[in-house]
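Summary of the model geometry
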Amino acid sequence: QKEVEQDPGPLSVPEGAIVSLNCTYSNSAFQYFMWYRQYSRKGPELLMYTYSSGNKEDGRFTAQVDKSSKYISLFIRDSQPSDSATYLCAMISGGFKTIFGAGTRLFVKA
Amino acid sequence: DAGITQSPRHKVTETGTPVTLRCHQTENHRYMYWYRQDPGHGLRLIHYSYGVKDTDKGEVSDGYSVSRSKTEDFLLTLESATSSQTSVYFCAIRGGTDMNTEAFFGQGTRLTVV
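The written sequence of each chain sets the order in which its residues are numbered from 1. To label them, take the chains in the order written and letter them from A, then take the ligands in the order written and number them from 1. Only residues with pLDDT of at least 70 are given local features in this predicted model, and only at 80 or more are side-chain atom pairs given and counted; all residues enter the totals for whole chains, interfaces and linings. To obtain the side-chain values, all non-hydrogen atoms of the structure were used and water was disregarded.

We count a salt bridge whenever a side-chain nitrogen from Lys or Arg sits within 4 Å of a carboxyl oxygen from Asp or Glu. Tallying each qualifying case throughout the model produces seven salt bridges over all chains. Between A:Arg37 and A:Glu45 there is a salt bridge whose closest N-O contact spans 3.2 Å. Using a 1.4 Å probe on the protein chains alone, a residue whose accessible area is under 20% of its type maximum counts as buried, one over 50% counts as exposed, and one in between counts as partly exposed. A relative accessible area of 32% means that A:Glu45 is categorised as partly exposed. Ionic pairing is found between B:Arg22 and B:Asp73, a salt bridge with its closest N-O pair at 3.1 Å. Placement of B:Arg22 in strand S3 (residues 19-25) and of B:Asp73 in strand S8 (residues 73-78) is noted, with a sequence separation of 51 residues between them. Within this structure, B:Arg22, B:Lys70 and B:Asp73 form a network of salt bridges that share partners. Under the DSSP-based scheme used, a helix requires at least four consecutive residues in state H or I and a strand at least two consecutive residues in state E, with every element numbered from the N terminus.

Another point: unusual backbone geometry. The omega torsion of the bond from A:Gly9 to A:Pro10 falls at 10 degrees, within 30 degrees of zero and hence cis. The topology assignment puts A:Pro10 in the loop between strand S1 (4-6) and strand S2 (11-14). Omega for the peptide link from B:Ser7 to B:Pro8 comes to -10 degrees, which places this bond in the cis form. Residue A:Asp78 is not a glycine yet carries a positive backbone phi of 45 degrees. Within the fold, A:Asp78 resides in the loop between strand S8 (71-76) and strand S9 (85-92). Judged by relative accessible area, which is 42%, A:Asp78 ranks as partly exposed.

Residues and elements named next belong to chain B. By this definition, two strands are paired if DSSP reports at least two bridges between them. Overall, antiparallel pairing links the four strands, which are arranged S1-S3-S8-S7 in an open sheet. Strands with a single pairing partner mark the edges of an open sheet, and in this sheet they are strand S1 (4-7) and strand S7 (64-70). Geometrically, the sheet is characterised by an average inter-axis angle of 20 degrees between neighbouring strands, direction not taken into account. Here four bridges tie S1 to S3, and the two strands are oriented antiparallel to one another. Paired with Ser 7 across the strands is Arg 22, a residue of S3. In this analysis an axis means a line fitted to C-alpha atoms, helices contributing only their contacting stretch, and an angle means the value between N-to-C directions, from 0 to 180 degrees.

On to the side chain of B:Arg36. Residues and elements named next belong to chain B. Structurally, the position occupied by Arg 36 is in strand S4 (residues 32-38). Relative accessible area serves as the criterion here: at 8%, Arg 36 is assigned to the buried category. From its side chain, Arg 36 meets the backbone oxygen of Ser 84 in a polar contact 2.8 Å long. Contacts were defined at the residue level, with two residues in contact if any of their heavy atoms lie within 4.5 Å. Not counting chain neighbours up to four residues away, the residues in contact with Arg 36 comprise Gly 42, Leu 43, Arg 44, Ile 46, Val 60, Tyr 64, Ser 84, Gln 85, Thr 86, Ser 87, Val 88 and Tyr 89. For the purposes of these results, a polar contact is taken to be a pair of N or O atoms within 3.5 Å, where, inside protein, one atom must be able to donate a hydrogen and its partner to accept one; residues adjacent in sequence count only when each atom of the pair is a side-chain atom.

With that out of the way, let us pick up the interface of chain B and chain A. Taken together, the contact between chain B and chain A spans 25 residues of the former and 20 residues of the latter. Defined here as a combined quantity, buried area equals the accessible surface (1.4 Å probe) lost by two parts on assembly, summed across both. Summing both partners gives a buried area of about 1900 Å² for chain B against chain A, and 53% of it is carried by carbon and sulfur. The interface formed by chain B and chain A includes zero salt bridges. Here chain B and chain A share three residue pairs in polar contact (both at pLDDT 80 or more) between them. Those elements that provide at least two residues to the side of chain B that touches chain A are S4, strand S5 (42-51), strand S9 (87-94) and strand S10 (102-105) of chain B. For the side of chain B that touches chain A, the element with the highest residue contribution is S5(B), accounting for five residues. In this classification, the charged set is Asp, Glu, Lys and Arg, the nonpolar set is Ala, Val, Leu, Ile, Met, Phe, Trp, Tyr, Cys and Pro, and all remaining amino acids, among them Gly, are polar. Partitioning the side of chain B that touches chain A into residue classes produces eleven nonpolar, eight polar and six charged.

And the structure:
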């Protein structure tokens, strides 16, 4: 079993929809939780960075962490075609090594 | 954009040949990382560095070595390339002293071993 599980999709939604992306994990030592966006043939870019449980909002993006369920989510409101990308969840226990999910491909149709 | 440059961007090489990929940063960050990205596996850590001449292995380090003789440069070497090392390689740096994660990635090197 992988430490971090993420549905690869693809997930296809119409423009303006609310998108929900999720990851589950098995290591209760994870403390920092991240979401990255990766456009085709580009490097990942950090979207959201949260510590421990709770919510964090940045514009149209909201990250949620539920440590009791070992479950994290990224919500995208008013999705746009420019949001079409692969979204990677990632987490770290405080050391040097980040564990990444395999990524979910998202398509937002105009 | 953070100043991370990977070279080359694309390379085709033959099985058994040595290959060196370069990552150059202009941000003076202490931590640097090499990842490979393959379908279904996401990003997997090959090696990382926490300072000049200070390096350690990641989860998929077999067949790879690294060197860091200057803060700005982190080299990844495939000692004898194999077809299983065909992949996209990314270099990354952390985002500063208060950020415990890789915040900036290079644009990647697409390596094909034939």
